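Chain by chain, the residues run as shown.
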Amino acid sequence: MIVKREKLNFWERLYLPALAGGLKVTATHLVNTLFKRGAVTMEYPEQKWTVPEGYRGAPYLVKDQDGATKCVSCQLCEFVCPPKAIKITPPGLAGQTADRANAEKMPLEFEINMLRCIFCGFCQEVCPEEAIFLMKDYSLTGTNRAEMIYNKEKLLELGGVHHDQIKKWEHKLDEAKEQEMFPVKD
Amino acid sequence: MQDILFYIFAALTLFFGFLVVVNPFSRNPVTSAMFLVLTIASLAGLFVLLNAFFLAAVQILVYAGAVMVLFLFVIMLMDIKEEERRRFKKFGVAMGLTAVAGLFGIVAKTIAESGVGAGLKPAFEGDTKTLGTALFSSGQFLLPFEIVSILLLVAMVGVILLSKKDLK
Amino acid sequence: MDWFNHLNPDLQFVLLSAVKVLAVLFLALLPMVAYSVLAERKISAWIQDRVGPNRVALPLLSGIPFLGSFLTRLGIWQPIADGVKSFLKEDFTPDHVRKIYFWLAPAITLIPAFLTVAVIPFGSTLGAQKMVIADLNVGILYSFGIVSLGVYGIVLAGYASNSKYPFLGGIRSSAQMISYEIAMGMSVVSVFMLVGDLNLSKVIEYQAGTTLGFIPNWLVFKQPVAFVIFLVAAFAETNRLPFDLPESETELVGGYNTEYSSMKFALFFMGEYANMIVSSAMMVTLFFGGWTLPFFGLDQRAESAQWLTGLAHIGIFVAKMLVLMVVFIWVRWMLPRFRYDQLMDLGWRRFIPLALANILATAVVLFLLNK
Ligand code: SF4
Ligand code: SF4
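Computed from a prediction, not measured in an experiment: that's the story for all the values here.

### Here we look at the overall build of chain C
Helices and strands together make up the secondary structure of chain C, namely 14 helices and four strands. For 371 residues, the compact-globule estimate of 2.2 N^0.38 gives 21 Å, and the C-alpha radius of gyration of chain C, at 22 Å, lies within 12% of that figure. Each of the three principal axes of chain C carries a C-alpha extent, and together these read 65 × 55 × 50 Å. When each of the 371 residues of chain C is scored for burial, the buried share is 54%. Considering only contacts within chain C whose residues lie at least 6 apart along the sequence, 76% involve residues at least 24 apart.

In structure tokens, the structure reads:
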């Protein structure tokens, strides 16, 4: 679509009325801020902002209600992370097993570099175990780079407990028993 | 005091003037242009010593402030690289030397004839009013002034004609 | 003061001038530069419904019950913090720059602004001293000449940085400054046709008194067109929005000062504000009657015994200047940037013909009046 450009009339070409309009708008804002409404901004460290539900802040790891690490070290999140902020060290073949029954493994180390993370939420999206969540923290600070790499312990502590209603691992055991297709030893 | 200042400014003018063309440290056109600015500034100092304040101010305003900025503009826009040391042609050198010798001869003759002695008092203080009257009274400089004006006008029209892309 | 009167007049003159220079520079100009930055930040904040700088507190002074916290909220100490910060920052010189010009450029921007102050009469007389550093009879030409040198700082900064954005900024500024200098110079010609003298003190004397008993004789009322042209040209010469093309952040990163950091950057920054201050002082002198006020007999030179009047004159001058500074700042937060061709069009095809027409009109009126 071609919008026809209106011919400006004399006053419009003179700029002056537009200038006066601009001065008026800015002056009104100035007076309002100073004497009437006050500033619309918040004074950050003293006044804090209420983080809304569903906000995507820093990603942390969670435990289930039994206190077990949910992450199974599948490394999907490491793979999907666009800025490569996640670094997972799997336990290896002879490594320690998971701290709950029927989970094959859990990560030996799980690091997120918060300097790289862009809070995109892909890791939460891709995780098959609901083990990683973007939480409400938005202002992370540290005095050096090393400090900004959060390890597994720290992530779990910050993440807290996620109440798991399905308890997939318990069901998995029952299912296997019922089907009797696989010899289940317990 | 006046004399000392004169020698200082004159020496500076010559020194900077030399650096414009034969700078041993850099053959960068921007550096040359900057030294030309300094030359002009020291010339303005000489004008002040002659009580020609108006000329001094205009010297700075027009030459240092506008013309040289345009020079810089053009140098930068055309991206003139450092000039290479080039070999001079014999003919060019000969012509150049002849021209310099001629000019030098004229200057020397003038100096010799003027009879260096007591300095002259300036005919008038170089303030704007006297200058204006001198320029615009028909007995004095009106005709040259108008001729120069027309010359400038012609130059201006020429530039506009040249820079127009399509002439109708 | 007895010893002083015994010195020979030349020495007295030199000493007094030195005192004036130092006082104007360190008591007036530099603090004003620092605080106009603060004013800019505060006013921009208010216009944009924000608070502005309100954190920096001095240990003892901010402890004063009510006043202390009020001053802190006003950001009074912010310029100190800014200054300390720019000294402490790393002064980084990129590898690819042309070193000598890179170091010279910030100084070249700042110095002309300081030099121009010399001819501005910022007060009448204090004691027996004229409150102007150098009462030149070609005052205005001098200041135009010096101001026109200010562009070298920017052009050289652009050239020295040896990278594309600063370079574009430098080139833009050289063309812009020259264009608007012409308009500016022509606009004041009509002013001087009325006054008949290039000395700025004479310009102020001309503006004393009132017409019809209440309109001050200020030239802004007699030469409104010249004033508008001068004002707009002043915006262009100081690189302020709407004409800040040499540094337009949205197109050129930071323009000519992209490669600069720390104190060198601060010098550019101070240069901009110093130029603003000088332009406002110039406008006050040329168009708003300088240190005069047409009431209470404040438009006559103070006698040597009238210290109070002398001080009042300086106060009036500073007050008028501050109003113009606020206008400078206000406009910055109101208008979007001009496109480069629009800028050139405005300068060459609108203002220069307008200024010429104004000169002609003034000449005709003067001729008819004098007949
Ligand atoms: S939020 Fe995005 S960037 Fe951050 S760790 Fe998860 S996938 Fe990586
Ligand atoms: S957090 Fe989720 S996706 Fe990442 S390794 Fe653990 S289980 Fe896999």
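### As for the pairing of strand β2 (residues 86–89) of chain A
Residue and element names in this part refer to chain A. Across the two faces of β2 the burial differs, with Ile86 and Ile88 buried and Lys87 and Thr89 not buried at all. Strand direction decides the pairing type here: β2 and strand β3 (residues 109–113), joined by four bridges, are antiparallel. Along β3, the bridge assignment pairs Lys87 with Glu111.

### Some details on the interface of chain A and chain C
Chain A puts 17 residues into the contact, and the matching count from chain C is 15 residues. Here chain A and chain C share three salt bridges between them. Residue Arg37 of chain A pairs with Asp49 of chain C through a salt bridge whose shortest N-O separation is 3.3 Å. At the surface where chain A touches chain C, the tally comes to nine residue pairs in polar contact (both at pLDDT 80 or more). Across the side of chain A that touches chain C, the residue classes break down as nine nonpolar, five polar and three charged.

### Details of unusual backbone geometry
A negative phi angle is the norm for most residues apart from glycine, just as the trans form is the norm for most peptide bonds. Residue and element names in this part refer to chain A. The phi torsion at Gln75 lies on the positive side, around 70°, for a residue other than glycine. You will see that Phe119, though not glycine, has its phi angle at about 55°, which is positive. Tracing the backbone shows Phe119 in the loop between β3 and α4 (122–126).

### Observations concerning the domain arrangement of chain B
Domain assignment breaks chain B into domain 1 (1–86) and domain 2 (127–168). Taking only C-alpha atoms into account, the centre of domain 1 of chain B sits 25 Å from that of domain 2 of chain B.

### Some thoughts on the site of ligand 1
By nearness alone, every residue bordering ligand 1 is listed as Pro59, Cys81, Pro82, Pro83, Ile86, Cys117, Ile118, Phe119, Cys120, Gly121, Phe122 and Cys123 of chain A. Here the residues of the shell around ligand 1 are counted per class, giving eleven nonpolar, one polar and no charged.

Cut-offs applied
- Residues numbered from 1 in each chain as written.
- Chains lettered and ligands numbered in written order.
- Predicted model: local features only at pLDDT ≥ 70, side-chain atom pairs only at ≥ 80, totals over all residues.
- Heavy atoms only, no water.
- Helix = DSSP H or I, 4+ residues; strand = E, 2+ residues; numbered from the N terminus.
- Rg over C-alpha atoms; globule rule 2.2 N^0.38 Å.
- Buried < 20%, exposed > 50% of the residue type's maximum accessible area, 1.4 Å probe, protein only.
- Contact = heavy atoms within 4.5 Å.
- Pairing = 2+ DSSP bridges.
- Salt bridge = Lys/Arg side-chain N within 4 Å of Asp/Glu carboxyl O.
- Polar contact = N/O pair within 3.5 Å; in protein donor to acceptor, adjacent residues only side chain to side chain.
- Nonpolar A, V, L, I, M, F, W, Y, C, P; charged D, E, K, R; others polar.
- Domains from an automatic or database assignment.
- Near = heavy atom within 4 Å.

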